[in-house]
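Here is how the chains run, residue by residue.
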Amino acid sequence: MSVYTPEQKVKLARYPGRPGTADYIQNLFTDFFEQRGDRQCRDDSSILGGVARFHGRPVTVIGHRKGRTMEEKLRFNFGMPGPEGYRKAQRLMRQAEKFGRPIITFIDTPGAYPGRDAEERGQGEAIAQCLALMSSLTVPVVAVVIGEGGSGGALALGVANRVLMLENAVYSVLSPEGFASILWKDASRSGEACSVMKLTAQDLRSSGVVQAVLKEPEGGAHTDPQAVYRTVDAALRRELAALGRVNKRSLARQRYQLFRSMGQDLHPARGAAV
Amino acid sequence: MNLFFTRRGKKENTEPLKAAWEDQITSQSPKTCPACGQASPADQWHKRGQVCPKCGYHAPIGAYYRLSFLLDPGSFQELDRDLLPADPLDFPGYPQKLSDLEQSTGMMEAAVSALGSIEGHRAVFAVLDSSFLMGSMGTAVGEKITRAAETAQRQRLPLIIFAASGGARMQEGILSLMQMAKTAAAIQRFQSARGLYISCLTHPTTGGVTASFASLGDVMLSEPGALIGFAGPRVIEQTIHEKLPAGFQRAEYLLEHGFLDQVVPREQWRSVLGQILSLHEKGGR
Ligand SMILES: [Zn+2]
């Protein structure tokens, strides 16, 4: 494993040349059919999703999309979805549930968009509904944190049976800049924030938030994308094969338990219930 | 100092809790309203549950105080009082901050959960308190909310949560974020079992609390003037580089945009919740 500091990993995770959701879809899946729109007011292109084949089998794939060129970044709002994006994701997940398709999500966002329109149309409600819906699905759900997992906007696609994370990806309650400015009233202390937040894949593996860490090539995912695709492909195959042996009710129950248990060991249940 | 000594599992009268809370704030008498700038005697504020007698501004209130006027006298039975905060990041200064807050507020965490009744209708209650680290949700608050939903499901009672929160608790890192998924999942599970969940939003309800259990009510209510949103107004203004209009993200604005059933003035909570509980009464659900 590499020896990058948490702060260096934040930089790697955000590096524009790093493979994004669109790259994984193109390289790991065949027959991708994009589905757009929330059926209420618009299509939010910062979330990319649809149906595709994964090793021949139809799956639903959904991920945050940041874009690489400035033109793309503007079009995809720098990977910051509004409520329409999360409602599109819900629509696709409901279809996956209906047709019994596994769901694969790719997480890569600085966070949900903090804008006026987003608030007006219920950003909080849209994320909350994603969390509630994902927790109740009876199909296999695997999430992969491929870059930046920022806050509730990332978690909204992250309530999975298995959460995998690339070695140099990060996942946190808020961006290090936001964290530093809230706790220390000083966004410039973000480097220090990186080191106390425990936001690396290794940290999150030990706190039980992610279940597996996927190795990246020396120098980071962008130095050898093909190697990363092979790693992620193998991991997804393995996870889907294992989850394919679990019945529907147990899938929902296992996912519920995974998130129910987060932080639970810090607060052991009392002996005497009321 | 612990103002609110309770014996677990015993029903008790909430009057002492109310009196203790009022003792703490009477030193500010007469109280000047931050909304209209007019001063009124503290007892006038008390009489209206900390609502400005001149303009109707709803001042933030503590969790125990709210429960003291919400519940039928003698029906309050606190749950999980011994569920204490944890420090998963070993965050510098956090344990000290928690113990200082316990001293100054008499609270051990930002949430209180309880069994109780309104107009004779039993329910499980959880109330967040913005005086404790902005009512932020860390692992203990998330666990309390989750257990409240589980208790409601087990006992086939309705669940009523009063939110007041700045969002996820930064000091506990990623596990705070995960409480969003945990509480949303617990609410979803409770509702799938046909449980009634009434979400009551008070000033302020933002961030990860808005984006989880607080937005999932079968019935969504709010206090007048409450700020409700995902991103805070300052972050939005910095992002879009423009000033937000007056009333943006306030309860009345959310009502107009379809995210609330009703805005409920503080003095009407008992009668409104009593009515909803009564309308859903059928085998106690
Ligand atoms: Zn006033």
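Small disclaimer: the values here were computed from a predicted structure and weren't measured.

The rules behind each value
Residues numbered from 1 in each chain as written. Chains lettered and ligands numbered in written order. Predicted model: local features only at pLDDT ≥ 70, side-chain atom pairs only at ≥ 80, totals over all residues. Heavy atoms only, no water. Helix = DSSP H or I, 4+ residues; strand = E, 2+ residues; numbered from the N terminus. Contact = heavy atoms within 4.5 Å. Areas by Shrake-Rupley, 256 points an atom, 1.4 Å probe, with all protein chains shown as cover. Lys, Arg positive; Asp, Glu negative; His and termini not counted. Charge placed at Lys NZ, Arg CZ, Asp CG, Glu CD. Axes fitted to C-alpha atoms, helices over the stretch in contact; angles between N-to-C directions. Parallel < 35°, antiparallel > 145°, perpendicular 65-115°, else oblique. Polar contact = N/O pair within 3.5 Å; in protein donor to acceptor, adjacent residues only side chain to side chain. 1 Å grid on protein atoms, 1.4 Å probe; cavity = no way out; pocket = protein on both sides within 12 Å on 5 of 7 lines; lining within 4 Å. Points joined across faces, edges and corners; volume = space filled by probe spheres on them. Nonpolar A, V, L, I, M, F, W, Y, C, P; charged D, E, K, R; others polar. Salt bridge = Lys/Arg side-chain N within 4 Å of Asp/Glu carboxyl O. Buried < 20%, exposed > 50% of the residue type's maximum accessible area, 1.4 Å probe, protein only. Buried area = accessible area lost by both parts, 1.4 Å probe. Patch = residues over 30% accessible without salt bridge, like charges linked within 9 Å, V, L, I, M, F, W, Y side chains within 5 Å. Donors = N, O, S within 2.8 Å, 3.2 Å for Na, K, Ca; no water. Expected span 1.5 Å × (residues − 1).

Moving on, we come to the overall build of chain A. Broken down by element type, chain A carries 12 helices and 8 strands. Contacts in chain A between residues at least 24 apart in sequence constitute 72% of all its contacts with a sequence separation of at least 6. Total accessible area on chain A is roughly 10800 Å²; 51% of this is exposed by carbon and sulfur atoms. Here chain A contributes 38 positively and 28 negatively charged side chains, and the mean placements of these two sets differ by 7 Å.

Residues and elements named next belong to chain B. Packing of helix α5 (residues 139–154) against helix α6 (residues 174–192) brings their axes to within 9 Å, and their N-to-C directions diverge by 10 degrees. Between α5 and α6, the angle is such that the two are roughly parallel. Across the interface between the two elements, Thr-139, Gly-142, Glu-143, Ile-145, Thr-146, Ala-149, Ala-152 and Gln-153 of α5 pack against Leu-175, Gln-179, Lys-182, Thr-183, Ala-186, Ile-187, Arg-189 and Phe-190 of α6.

Attention now goes to the side chain of Gln35(A). Residue and element names in this part refer to chain A. With respect to the helices and strands, the residue Gln-35 is situated in the loop between β1 (30–34) and β2 (47–54). Engagement of the side chain of Gln-35 in a polar contact is seen with the side chain of Gln-95, the distance being 3.1 Å. For Gln-35, the contacting residues outside a window of four places in its chain are Gly-49, Gly-50, Val-51, Lys-88, Arg-91, Leu-92 and Gln-95.

Next up on the list: empty space enclosed by the protein. Residues and elements named next belong to chain B. As enumerated under the stated definition, the model contains 3 cavities of 30 Å³ or more in all. By volume, the largest cavity amounts to about 80 Å³. Every residue lining the largest cavity is counted, 14 residues in all, and those nearest its centre are Pro-60, Ile-61, Arg-66, Thr-202 and His-203. Counting residues per element, the ones that place at least two in the lining of the largest cavity are β5 (121–128), β6 (159–165) and β7 (197–205). Considered class by class, the residues forming the lining of the largest cavity number 7 nonpolar, 4 polar and 3 charged. There is about 70 Å³ of room inside the second largest cavity. Lining the second largest cavity, in full, are Tyr-64, Glu-78, Arg-81, Leu-83, Met-107, Met-108, Glu-109, Ala-111, Val-112 and Lys-144. The class makeup of the residues in the lining of the second largest cavity is 6 nonpolar, no polar and 4 charged.

In total, this model carries 28 salt bridges over all chains according to the counting rule given. For Arg116(A), the salt bridge identified is with Glu242(B), shortest N-O distance 3.7 Å. Residue Arg116(A) is located in helix α5 (residues 116–120), and its partner Glu242(B) is located in the loop between α8 (233–240) and α9 (251–256); the two belong to separate chains. In this structure, Lys182(B) engages Glu143(B) in a salt bridge whose closest nitrogen and oxygen atoms are separated by 2.7 Å. Here Lys182(B), found in helix α6, pairs with Glu143(B), found in helix α5; they are 39 residues apart in sequence, far enough to count as distant. The same class applies to Lys182(B) and to Glu143(B), which are both buried. Overlapping salt bridges, with partners in common, bring together Arg260(A), Asp80(B), Glu143(B), Arg147(B), Glu150(B) and Lys182(B) in one network.

Below, the discussion takes up the interface of chain B and chain A. Between chain B and chain A, the contact holds 59 residues from the first and 52 residues from the second. Here chain B and chain A share an interface that buries about 4600 Å² over both sides, 69% of which is from carbon and sulfur atoms. Linking chain B with chain A are 3 salt bridges, by the criterion used here. Across the salt bridge formed by Glu143(B) and Arg260(A), the nearest N and O atoms sit 2.9 Å from each other. Among the elements of the structure, β3 (77–79), α5, α6 and α8 of chain B are those that each provide at least two residues to the side of chain B that touches chain A. In terms of residue count, the dominant contributor to the side of chain B that touches chain A is α6(B) (14 residues). Here the residues of the side of chain B that touches chain A are counted per class, giving 33 nonpolar, 16 polar and 10 charged.

Time to look at a nonpolar patch on the surface. Taken together, Met70(A), Leu74(A) and Phe78(A) make up a surface patch of nonpolar side chains, about 310 Å² in accessible area. Within the secondary structure, Met70(A) sits in helix α3 (residues 70–75).

Residue and element names in this part refer to chain B. Protein coordination of the zinc ion is provided by Cys-33 (SG), Cys-36 (SG), Cys-52 (SG) and Cys-55 (SG), with donor distances spanning 2.2 to 2.4 Å. The sequence motif formed by the donor residues of the zinc ion is C-x2-C-x15-C-x2-C. For Cys-52, a relative accessible area of 0% translates into the label buried.

What follows is about α6(B). Residue and element names in this part refer to chain B. Its 19 residues give α6 an end-to-end C-alpha distance of 27 Å, which sits within 8% of 27 Å, the value for a rise of 1.5 Å per residue. Summarising burial for α6: 15 of the 19 residues are buried, a large majority. Arg-194 lies just past α6 and shows a positive phi near 70 degrees.

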